[in-house]
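Structure at a glance
The residues making up each chain are set out below.
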Amino acid sequence: MSGAAGCQGGGGGGGDRGPRWRRPWKLLALGLLSASSVLAAAPGAGAMSKEEKRRLGNQVLEMFDHAYSNYMEHAYPADELMPLTCRGRVRGQEPSRGDVDDALGKFSLTLIDTLDTLVVLNKTKEFEEAVKKVIKDVNLDNDIVVSVFETNIRVLGGLLGGHSVAIMLKEKGEYMQWYNGELLQMAKELGYKLLPAFNTTSGLPYPRVNLKFGVRHPEARTGTETDTCTACAGTLILEFAALSRFTGTSIFEEYARKALDFIWEKRQRSSNLVGVTINIHTGDWVRKDSGVGAGIDSYYEYLLKAYVLLGDDSFLERFNTHYDAIMRYISQPPLLLDVHIHKPMLNARTWMDSLLAFFPGLQVLKGDIRPAIETHEMLYQVIKKHNFLPEAFTTDFRVHWAQHPLRPEFAESTYFLYKATGDPYYLEVGKTLIENLNKYARVPCGFAAMKDVRTGSHEDRMDSFFLAEMFKYLYLLFADKEDMIFDIEDYIFTTEAHLLPLWLSTTNQTVSKKNTTTEYTELDDSNFDWTCPNTQILFPNDPMFAQSIREPLKNVVDKSCPRGISRAEESLGSGPKPPLRARDFMASNPEHLEILKKMGVSLIHLKDGRVQLVQHAVQAASSLDAEDGLRFMQEMIELSSQQQKEQQLPPRAVQIVSHPFFGRVVLTAGPAQFGMDLSKHKAGTRGFVATIKPYNGCSEITNPEAVKEKIALMQRGQCMFAEKARNIQKAGAIGGIVIDDNEGSSSDTAPLFQMAGDGKNTDDITIPMLFLFNKEGNIILDAIREYEAVEVLLSDKAKDRDLEMENMDQKLSENDSHKQNSEEATSASQDVGAVSEEPEEGESSDVTDSESLSPADASSDSISISNQDSSVPGTDETSAPEPACTQGDHQPQEQKTETESNSKVNWDNKVQPMESILADWNEDIEAFEMMEKDEL
């Protein structure tokens, strides 16, 4: 999500219901005034020097070059780069990742998404070349089903952003003199291809559309969906209105306005909140939880920015109405917790997703700085603990979902807080982001997403938004006005950080029909007190204002376990007690049993000592009690599920540390329930790898001399995992890696795999054992074929890359460039013979013991749950019960994957041999050395 370039110091909040600014440029001018005033007031102590800012800005440019050049060399014209295997991601040629792949349309997504980034980073020559490639190579008429939301913000937005800066450069007279609106024509073509999705009675678009056949066409393969997310339908107005204003074709803006009008009409009237998912035909809320993160986020963003760009007061009215509800119910500083739209005093879940990191930036635009500083600081503390922001984390800051796909939202909010406050603290935050990206995410062919922030393992993906947003915000954070070739304040950022010029507000205006069907809720006037506030409101004569807000939150993650009073408890005070929560329930408490009875929940003691809960809604004391009972049952199911999950082990890491990798490649590995516990041996196990004979490891090892004191590689299948471990341990191996024999399997698309024992005592196994899926295992096997001696580290979490060895290797290569490296020859190459694919007759024991883990035996106080009168509604996400305060963060990772059963991986698609991958890596290493010298 992205903030606005205009009005950087404050917000689009309006005054009272009297006259407001009619033109965004007036709003913008006031924003610049307030921002400059804040900058003047910023404390000088601790300020970052101009030289340091310039060094960091140049470092951002080098990082962008590394990512962009690798995409162009190894992936283009594919949509995205796969940085671990150095090839392009082509939809249909890789295992399906479910909805994530709906962003891919075989239209060179990353290049289009990056166009205006090139100009922001002063790479005008590269921009001119990129535009020519897009015009020449990109085809928008593909028979492929894509997400309307993703295609709008990334492709349509990318084309419009590219057109915006192209005409700006042409006007300046040096570049793009040949340009004649070709990108705009492509944008218009794409706009017409998206319009069939709006063919619904409500005006809300279908979530997907076929670029060639539209929706509900016999060959479209889409159009049967009934639901869409609020953000999916409510994040269209900027791009569609800009397309209408650029072309003079009003239909696009009209369709986007109709969708926004419908969502506004369907808001929950008593709370003024909207749900996550809505039925596109009836307007009924399908998921009735509400927050500012995934599924809703950019809907709020576009209401405020539509007012800034289009000057329509109704958008500001709606945003302020929603914002009041957000601050009343969802905001629990520094947390932002989802609530139920019908009962907003009750939290809907006890964890937060990373997409809410955009919200502090939006609050800056609104002008509400204090909560923006608080939430941003809380997020920064989470990042300092895990190096990146996990996809989701609990209210006591433990990892809920461990992935991190290099999202830019936190960098975005950091940029806008710095522009609003001028506080050099935010420059230091940006510096931390740069260091973490280079240290943990950088790989030879770009930057790889984090599969698990706890282990540091990588995922073979580099999403287009990484180039479109991350480098844009980081560069702007450190850039001075003289570093820019144009005035960034003349543009507003879309949610994908694409640039739209503010002068569109007065061009080809669409006559808007004011929504008069519903009166706006009268709100406390304090919510409308400012529009682009001045420094007296932001910082009351105190240049240390921001620091004073941050200071109480410095240790919020590591040294405290914040659990604020629930909204229900806060509102009820000394009145009736709040509903019983599942996490507090005790079967031996008579008061709790009485509450259960009131909610229509009965408790049954089973013969095996367990307790079963059954709900009969008709037996509840009232309809409200029945609803509380339903919620209690759902919480109990989630709590039971979480307890089962916590019996699983977290993933481990296999890190390639030898030349020329030096720890940059980290593979996600499944743990074993036997052998050395790597979480208790922080140093891990390090050694060279060797393939064993026989390769399945199911009998005595015939090449013990090659395996001794090394980490053994073996193939899965034909015997128990524990038997393999005993055989290699007997041969003298110091560890083992089992590689999946299922061709094409990958941690990207499969859930975490754990190796179970053989049902016997496994205390005799003392070496560590890890499991790699086929794709990750082949990365090691390919490295062996290329370099013979490959050293890896088995650990619970990836360690820092070996800079000393990397520098030593560079010196050796300079001094002995014409000599054979005799040391490398001492490690004999281990041939990986062709292993026949035998029927997995003995595999059943492996699968039974390790793929489908059964929960531990039920204890006497365990609970089974059933609901006989009304089914507990399923949710897309499992709300983890709020755990006790602990410093541990090794929580089970929720896996959400879909795999197409018939999909086959085309591994030969633009695969690069290892020499090619590393041909120009020497320059990369030299650049790193220069950075490190500069830092020292």
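All values derive from a computational prediction rather than experimental measurement.

Thresholds applied
Residue positions are given per chain, counted from 1 along the sequence in the order it is written. Per-residue local features of the predicted model are confined to residues with pLDDT of at least 70, and side-chain atom pairs are confined, for both listing and counting, to 80 or more; whole-chain, interface and lining totals are unaffected and use all residues. Only hydrogens and water are set aside; all other atoms, that is, all heavy atoms of the structure, feed into the side-chain values. Only Phe, Tyr and Trp rings are paired, with Trp represented by its six-membered ring, and only when their centres lie within 6.5 Å; those with planes under 30 degrees apart are stacked, over 60 edge-to-face, the remainder tilted. Secondary structure elements are taken from DSSP: a helix is a run of H or I of four residues or more, a strand is a run of E of two residues or more, and numbering for both begins at the N terminus. Burial classification: accessible surface area is computed with a 1.4 Å probe over protein chains only, and a residue below 20% of its type maximum counts as buried, one above 50% as exposed, and the rest as partly exposed. We call a charge positioned above a ring when the Lys NZ or Arg CZ atom is no farther than 6 Å from the ring centre and deviates by at most 35 degrees from the ring normal. When two cysteine sulfur atoms are found within 2.5 Å, that pair is recorded as a disulfide. A pair of strands is treated as paired once DSSP finds two or more bridges between them. Note on geometry: axes are lines fitted to C-alpha atoms, helical ones only across the stretch in contact, with angles between N-to-C directions running from 0 to 180 degrees. Our angle categories are set so that under 35 degrees counts as roughly parallel, over 145 as roughly antiparallel, 65 to 115 as roughly perpendicular, and the remainder as oblique. Left-handed describes a crossing in which the near helix is turned anticlockwise from the far one by less than a right angle; the clockwise case is right-handed. The contact rule is simple, with two residues in contact once any of their heavy atoms fall within 4.5 Å. Gly falls in the polar group here, along with every residue not listed as nonpolar (Ala, Val, Leu, Ile, Met, Phe, Trp, Tyr, Cys, Pro) or charged (Asp, Glu, Lys, Arg).

A few points about the packing of aromatic side chains
Two measures describe an aromatic ring pair: the distance that separates the ring centres and the angle between the ring planes. Counted according to the given criterion, the structure contains 34 aromatic pairs. Ring centres 6.0 Å apart and planes at 35° place the aromatic pair Tyr415 and Tyr473 in the tilted group. Of this pair, Tyr415 sits in helix H14 (residues 409-421) while Tyr473 sits in helix H16 (residues 464-478); the two residues are 58 residues apart in sequence, bridging distant segments of the chain. The residues Tyr415 and Tyr473 share a single accessibility class, namely buried. Among the aromatic residues, ring-to-ring pairing joins Phe64, Tyr68, Phe447, Phe466 and Phe471 into one connected group. The cationic tip of Arg267 hangs over the ring face of Trp264; the distance from NZ or CZ to the ring centre is 3.8 Å. Cation over ring: Arg349 sits above Trp351, and NZ or CZ is 3.8 Å from the ring centre.

Here's the deal with the state of the cysteines
Evaluated as defined, the whole model comprises three disulfides. Between the sulfur atoms of Cys86 and its disulfide mate Cys445 the distance is 1.9 Å. Across the S-S bond linking Cys86 and Cys445, the dihedral sits near 95°, which makes this disulfide right-handed. In this pair, Cys86 sits in the loop between strand E1 (80-82) and strand E2 (87-89) while Cys445 sits in the loop between strand E15 (442-443) and strand E16 (446-447), placing the two residues 359 residues apart along the sequence. Each member of the pair Cys86 and Cys445 is classed as buried. Each disulfide pairs two cysteine sulfurs, and for Cys698 the partner residue is Cys719, the sulfurs being separated by 2.1 Å. Residues Cys698 and Cys719 are joined by a disulfide whose S-S torsion is about -85°; by sign, that bridge is left-handed.

Details of the sheet that holds strand E5 (residues 227-229)
As summarised here, the arrangement of the three strands in space is E5-E6-E7, forming an open sheet in which the pairing is antiparallel. Edge strands, defined here as strands with exactly one partner in the open sheet, are E5 and strand E7 (285-287). The mean inter-strand angle of the sheet, taken between neighbouring strand axes irrespective of direction, is 35°. Sheet analysis places strand E6 (residues 277-279) next to E7, joined by two bridges and oriented antiparallel. Across the sheet, the residue bridging to Thr277 is Arg287, located in E7.

Quick word on the sheet that holds strand E14 (residues 399-401)
The strand order across the open sheet formed by three strands is E12-E13-E14, and the pairing between neighbours is antiparallel. A strand with exactly one partner marks an edge of an open sheet, and here the two such strands are strand E12 (351-353) and E14. Adjacent strand axes in the sheet meet at a mean angle of 30° when their direction is disregarded. Sheet topology places strand E13 (residues 392-394) next to E14; two bridges connect them, and they run antiparallel. Bridging across to E14, Ala392 finds its partner in Trp401.

Some details on the packing of helix H15 (residues 425-441) against H16
Where H15 contacts H16, the axes come no closer than 10 Å and their chain directions differ by 140°. Relative to H16, H15 is oriented oblique. Viewed along their axes, H15 and H16 form a crossing whose handedness is left-handed. Note on element contacts: H16 touches H15 through Phe466, Met470, Leu474, Leu477 and Phe478, opposite Tyr426, Leu427, Gly430, Lys431, Leu433, Ile434 and Leu437. For the contact of H15 with H16, the residue count by class is 10 nonpolar, one polar and one charged.

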